[in-house]
Amino acid sequence: FCFLGMLISEYAFCNTCKITEPLNLITPIKDSKHFMVSAFIDHRLDGAIRVISIINRNSLQPLYCVYCSAEQVCKTVHTEVQIHRDHFGFQFHVSDVICKGRHTQNATHVLISTKHSDNSTTEYLPIKKRVRINTFKYNFTVCISNLFGNYNNVLQFAQTMEMYKLLGVQHVVIYKTGCGPDLEKLLKHYETEGILEIVPWPIDQFLNPSSGWNFKEHKGDVHYYGQLVTLNECIYRHMYQSKYILLNDIDEIIMPYKHTSLPSLMEDLQSAYPRVSVFLFESHIFPTTQFEESGKFKQAEWNNIPGVNIMEHIYREPDRKNIYNPTKMIVNPRKVQQTSVHTTLQNYGYIHRVAFHVSRMVHVREPMQVNLSKEQLFVDKRVWDFEQKLIPNVDRTLKLSGLLRPH
């Protein structure tokens, strides 16, 4: 971790600040190469303000925090900048800018500044005040980190969303930079339905985002369209709204194998491991190059729908020798401080890797082990257990999205 400006001092000035809020989720910090994203009161840090930010690791400088009350009276303090350690070599990376001072918990707006008393007409972030409660709006929220380019895998997206609904998910959040025209229609349907929250993520207007995870190989300013920024932002955004948060991609389903749903799975896991706050689920690849032979899930009406039909891909790759399967997570967000893609970086409580036979991730994608024949793969028909509800629900969704003509 990298810490800047550890000294906390406070300067109140009685003049009121002219507060305007940014239109975008990404706001440049004046006279720097850094960006503010969103601000939260962190009850676990005695009401300090945590600003999720994108910091240029090669241009570090002292940063100040200007926080303002509802009466628009502002105070300035030094900040503590915590750059997350999993930067994968990229210059710009997700960071927490921590503002500690008197009455921060009563602040309504905040500005990260490079100058000591810069309270000019710069845009101030609204502070998302999340009240600590024991009842939650949602039991399960899925955070899908990034949608970009012309991604148009409509069928798999619809099947995955409908599968998650059957498994007990009530809320899905997507950070959207771009997508294909058919998927746009599907997103609008789910947004209207109320299950989907679309967060505009115009990272490409501010930086040259990488479409990969490794700087040496993929180049660019920031890892995978800012995936690590959005995953952390999503956790804080829903910390007091959702009991659990699933952190995975749209082509991944955290699938219970011993339980019928995620609520019953998590009830058993949490009761068996009461001190665990982060549950890891192994990823298992179902290659899109291998099809089940009966063809019974080749729905004629889906022929013109772009994308992968997950019902046809029931062959699972075996574990690779001496290679650790990557994981995705279900977390208690109130116990997480920082997360990476495959595990958390800082959390309260313990981490538990869930046994393969209890639950694992169904990841339908191009093969990782390209030379394996069908005979070398395992048959895993778990998704078929949901066919009676899944297929009509997908049909209904595609019709309501205007992608499938009614009979």
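Residues numbered from 1 in each chain as written. Predicted model: local features only at pLDDT ≥ 70, side-chain atom pairs only at ≥ 80, totals over all residues. Heavy atoms only, no water.

As annotated in an unreviewed UniProt entry, the chain carries the name Glycosyltransferase family 92 protein and is attributed to Cyprinus carpio. In its Sequence similarities (unreviewed entry) section, the UniProt record describing the chain reads: "Belongs to the glycosyltransferase 92 family." Under the heading Subcellular location (unreviewed entry), UniProt records this for the chain: "Membrane". (UniProt positions renumbered as here; feature names shortened; annotations may be inferred.)

1. A few points about the state of the cysteines
Throughout the structure, instances matching the rule amount to three disulfides. Across a sulfur-sulfur distance of 2.2 Å, Cys68 and Cys74 are joined as a disulfide pair. One disulfide, between Cys68 and Cys74, carries an S-S torsion of 105° and so falls in the right-handed class. The buried category is assigned to Cys68, whose relative accessible area is 1%. With relative accessibility at 0%, the residue Cys74 sits in the buried group. Here Cys143 connects covalently by a disulfide to Cys234, the sulfurs 2.0 Å from one another. Of note, the bridge from Cys143 to Cys234 carries an S-S torsion of about -80° and is left-handed in sense. Placement of the pair is Cys143 in strand β10 (residues 138-147) and Cys234 in helix α4 (residues 227-237), with a sequence separation of 91 residues. Here Cys179 stays free of any disulfide, with the sulfur of Cys234 as its closest cysteine sulfur at 18 Å. Take Cys179: its relative accessible area is 13%, and that puts it in the buried class. (Disulfide = S-S within 2.5 Å. Buried < 20%, exposed > 50% of the residue type's maximum accessible area, 1.4 Å probe, protein only. Helix = DSSP H or I, 4+ residues; strand = E, 2+ residues; numbered from the N terminus.)

2. So, unusual backbone geometry
A positive phi angle is found at Phe88, which is not glycine, with a value near 55°. Mapped onto the elements, Phe88 comes out in the loop between β6 (73-83) and β7 (92-99). Phe88 gets classed as partly exposed once you look at its relative accessible area, which sits at 33%. Unusually for a residue other than glycine, Tyr224 sits at a positive phi of about 40°. The class for Tyr224 is partly exposed, based on a relative accessible area of 27%.

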